[in-house]
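Observations on the three-dimensional arrangement
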Amino acid sequence: MTSKFTELAIDCADPVALARFWCSVLGYEVQDEDDGIVTIGSPMVPEGKSRIGPVPPTLTFACVPEGKTVKNRLHLDVNPTDREQDEEVRRLLDLGARRADVGQGDESWVVLADPEGNEFCVLAGRCP
């Protein structure tokens, strides 16, 4: 027996705004919103955790009083599916992301930060 990855919890100041940003990035939709917690997930697999086998994980944003202070120990990598990396980076910057330098040097991925400063990478290869 194994476990499956079903959810990533993200602490933040504004769960609604951050969920909206990540819905736009990933093509997800809000699945639940209650008392400072917003959960988003793929519209293709609405049953999520109760489905047998791997599923696209949901993201849960929870309001916390403290702010982000250091580089993330865990971050998301996103991969453009229908455009090249530079086009996707421009789209994400237009959505509210900003460029971030975490000491990555000259790599094939681009490091951005979401509106609350959480770093994530945009990979160069496209995946369906």
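In case you missed it, the structure is sitting above this.
Bear in mind the structure is a predicted one, so any value in this text is a computation, not a measurement. (Residues numbered from 1 in each chain as written. Predicted model: local features only at pLDDT ≥ 70, side-chain atom pairs only at ≥ 80, totals over all residues. Heavy atoms only, no water.)

A few points about a negative patch on the surface
Together, Asp32, Glu33, Asp34 and Asp35 give the surface a local cluster of negative charge. Mapping Asp34 onto the fold places it in strand E2 (residues 29-34). Its relative accessible area of 53% is what places Asp34 among the exposed residues. (Patch = residues over 30% accessible without salt bridge, like charges linked within 9 Å, V, L, I, M, F, W, Y side chains within 5 Å. Areas by Shrake-Rupley, 256 points an atom, 1.4 Å probe, with all protein chains shown as cover. Salt bridge = Lys/Arg side-chain N within 4 Å of Asp/Glu carboxyl O. Lys, Arg positive; Asp, Glu negative; His and termini not counted. Charge placed at Lys NZ, Arg CZ, Asp CG, Glu CD. Helix = DSSP H or I, 4+ residues; strand = E, 2+ residues; numbered from the N terminus. Buried < 20%, exposed > 50% of the residue type's maximum accessible area, 1.4 Å probe, protein only.)

So, the environment of Ser24
Mapped onto the elements of the fold, Ser24 is located in helix H1 (residues 15-26). Ser24 sits 47 residues away from Lys71 along the chain, and the two C-alpha atoms are 23 Å apart. If we skip the residues at most four places from it in the chain, Ser24 touches Arg91 and Leu95. (Contact = heavy atoms within 4.5 Å.)

Some words on the nonpolar core
Within the largest apolar cluster, 22 residues are counted, with the highest numbers of intra-cluster contacts made by Trp22, Ile40, Phe61, Leu92, Leu112 and Phe120. Broken down by secondary-structure element, the contributors of at least two residues to this core are strand E1 (7-12), H1, strand E3 (37-41), strand E4 (58-63), helix H2 (85-95), strand E7 (110-113) and strand E8 (119-122). The element best represented in this core is H1, accounting for six residues. Every residue in contact with Phe120, bar those within four places of it in the chain, is listed here: Phe21, Trp22, His75, Leu76, Val78, Leu92, Ala97, Val110, Val111, Leu112, Ala113 and Asp114. (Core = buried A, V, L, I, M, F, W, Y, C linked by side-chain atoms within 4.5 Å.)

Comments concerning the pattern of salt bridges
Under the definition given, this model contains five salt bridges. With a closest N to O distance of 2.9 Å, Arg91 and Glu88 form a salt bridge. With a gap of three residues between them, Arg91 and Glu88 both fall in helix H2, about one helical turn apart. Residue class for Arg91 comes out partly exposed when judged on its relative accessible area of 22%. The network of salt bridges with common partners includes Asp82, Arg83, Glu88 and Arg91.

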